[in-house]
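# Descriptive analysis of the structure
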Amino acid sequence: MNAKRYVVLSFDVDGETLWTARDAANWNRPVTLSQGIYGPEVGLPRILKLLQKYSIPATFFVPGYVIEKHRAAIEEIVQGGHEIGHHGYLHEWPDTLTSEQEREVFELGIDRIRSITGKAPAGYRSPAWEFSSKTMDYLQEFGFLYSSNMMDNDEPYVHDNGIVELPVQWYLDDAPFFLYSVRLPGRTIHPPSAVLETWQEEFSALYEEGKSMVLTLHPQIIGRAYRVKMLESFIQFVMRHADAQFITGEKLACLTLKAT
Ligand SMILES: [Zn+2]
């Protein structure tokens, strides 16, 4: 068992594409789009400031379109020394694409990330947290180090084809607690105390078992003022544990490979 318990703060910088991928008609709904724009333009700077305050390296999964549209904002992520991972081009859901379309999305996303970081991404997060029958093959073909999508374990592991998996979970995601829109029926907004309690309880339980943890966050959701305060409380909670360490997805994937 590794003495260190690693925590990955991962941020899916979806911007407008969170909304347009669900319904193309949202391209013509400026108010709905504005909810997405808040992410890279307002939430993201607040998050980067918080990460800098505590010297925490993090991973940002960014669709290619968001890199084009909000380039200056995304450059700040790179300037901060953080990792940028693949998250589609227009936040396409792989399970709805043909093989050819999916290949094109992989290529476009890699190209846009390369244009801003100078290298191909190591990590892939599916915009739908779902794969097509081809996704795993494409990850291998395009030379990805890791995927962060599956829910079949708490801990990182290595797939048969050598791709590392950094597992995720809905309760370790800000969206089920906070994502709200009249266009998404049935959703309610939870108080930050409930979210903080959930994440702290899970961290403590995993810490006891010597396991790592991956949080999936969205600047347009967690980046609201009071929620960033809650995230800061969580960071402080983790930092009170001597064997806990924040790390990027790429680093954790490397360590996972080394350990196997
Ligand atoms: Zn997303």
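Fair warning: this is a prediction, and the values are worked out from it, not measured in the lab.

## Focus on the overall build of the protein
In terms of regular secondary structure, the protein is built from 11 helices and 9 strands. Over its C-alpha trace the protein gives a radius of gyration of 17 Å, about what one expects of a compact globule, namely 18 Å for 260 residues. If you line up the protein on its principal axes, its C-alpha atoms span 50 × 40 × 35 Å. Across the 260 residues of the protein, 55% fall into the buried class. At a minimum sequence separation of 6, the contacts of the protein that also span at least 24 residues come to 71%. Of the roughly 11,500 Å² of accessible surface on the protein, 51% is carried by carbon and sulfur atoms. Charged side chains in the protein number 24 positive and 34 negative. The centres of these two groups are separated by 7 Å.

## As for a nonpolar patch on the surface
On the surface, a nonpolar cluster with roughly 420 Å² of combined accessible area is contributed by Y180, V182, I189 and Y226. Mapped onto the elements, V182 comes out in the loop between α7 (175-178) and α8 (192-208). On the basis of relative accessible area, V182 is assigned to the exposed category, the value being 72%.

## Concerning the coordination of the zinc ion
The coordination sphere of the zinc ion, as far as protein atoms go, consists of D14 (OD), D14 (OD), H87 (NE2) and H91 (NE2), spread over 2.0 to 2.6 Å. Note that the zinc ion binds 4 donor atoms; their angles at the metal cover 52 to 134°, and the shape is irregular. All donors of the zinc ion belong to a single chain; written as a sequence motif, their spacing is D-x72-H-x3-H.

## Regarding the pattern of salt bridges
Going through the model one piece at a time under the given rule, you end up with 12 salt bridges. Between E100 and R103 there is a salt bridge; the shortest N-O distance is 3.9 Å. Note that E100 and R103 are positioned in helix α5 (residues 99-117) at a spacing of 3 residues, about one turn of the helix. A relative accessible area of 54% means that E100 is categorised as exposed. R103 gets classed as partly exposed once you look at its relative accessible area, which sits at 23%. E141 is the partner of R103 in a salt bridge, and the nearest nitrogen-oxygen pair spans 2.7 Å. Of the two residues, R103 sits in helix α5 while E141 sits in helix α6 (residues 135-141), which places them 38 residues apart along the sequence.

## A few points about the side chain of S10
In this fold, S10 is placed in strand β1 (residues 5-12). Residue classification places S10 among the buried positions, given a relative accessible area of 1%. A polar contact is formed between the side chain of S10 and the backbone oxygen of L215, at a distance of 2.7 Å. Filtering out sequence-adjacent residues up to four positions away, S10 remains in contact with T59, F61, R125, V214, L215, T216 and L217.

## With respect to helix α2 (residues 30-53)
A rise of 1.5 Å per residue sets the reference length of α2, with its 24 residues, at 34 Å; its end C-alpha atoms lie 34 Å apart and thus fit the reference within 8%. Of all the bends in α2, the greatest reaches close to 45° and is centred on Y38; the proline P40 follows between one and four positions later. Inspection of α2 places T32, L33, G36, Y38, G39, P40, G43, L44, I47, L48, L50 and L51 among the buried residues, and these make up the whole buried set. In this structure, the buried side of α2 is in contact with β1, α1 (17-20), β2 (59-62), α4 (71-79), α9 (219-222) and α10 (225-239). Phi for S55, located one or two positions after α2, is positive at around 50°.

## Quick notes on unusual backbone geometry
Of note, S55 is a non-glycine position whose phi angle comes to about 50°, a positive value. Here S55 lies in the loop between α2 and β2. Judged by its relative accessible area of 62%, S55 is exposed. Located in the positive-phi region is W129, a residue other than glycine, with phi close to 50°.

How each quantity is defined
Residues numbered from 1 in each chain as written. Predicted model: local features only at pLDDT ≥ 70, side-chain atom pairs only at ≥ 80, totals over all residues. Heavy atoms only, no water. Helix = DSSP H or I, 4+ residues; strand = E, 2+ residues; numbered from the N terminus. Rg over C-alpha atoms; globule rule 2.2 N^0.38 Å. Buried < 20%, exposed > 50% of the residue type's maximum accessible area, 1.4 Å probe, protein only. Contact = heavy atoms within 4.5 Å. Areas by Shrake-Rupley, 256 points an atom, 1.4 Å probe, with all protein chains shown as cover. Lys, Arg positive; Asp, Glu negative; His and termini not counted. Charge placed at Lys NZ, Arg CZ, Asp CG, Glu CD. Patch = residues over 30% accessible without salt bridge, like charges linked within 9 Å, V, L, I, M, F, W, Y side chains within 5 Å. Salt bridge = Lys/Arg side-chain N within 4 Å of Asp/Glu carboxyl O. Donors = N, O, S within 2.8 Å, 3.2 Å for Na, K, Ca; no water. Tetrahedral: all angles 85-135°; square planar, octahedral: opposite > 155°, others 65-115°. Polar contact = N/O pair within 3.5 Å; in protein donor to acceptor, adjacent residues only side chain to side chain. Expected span 1.5 Å × (residues − 1). Bend = angle between axes of the 7 residues up to and from the residue.

That is the geometry; function is a separate question.
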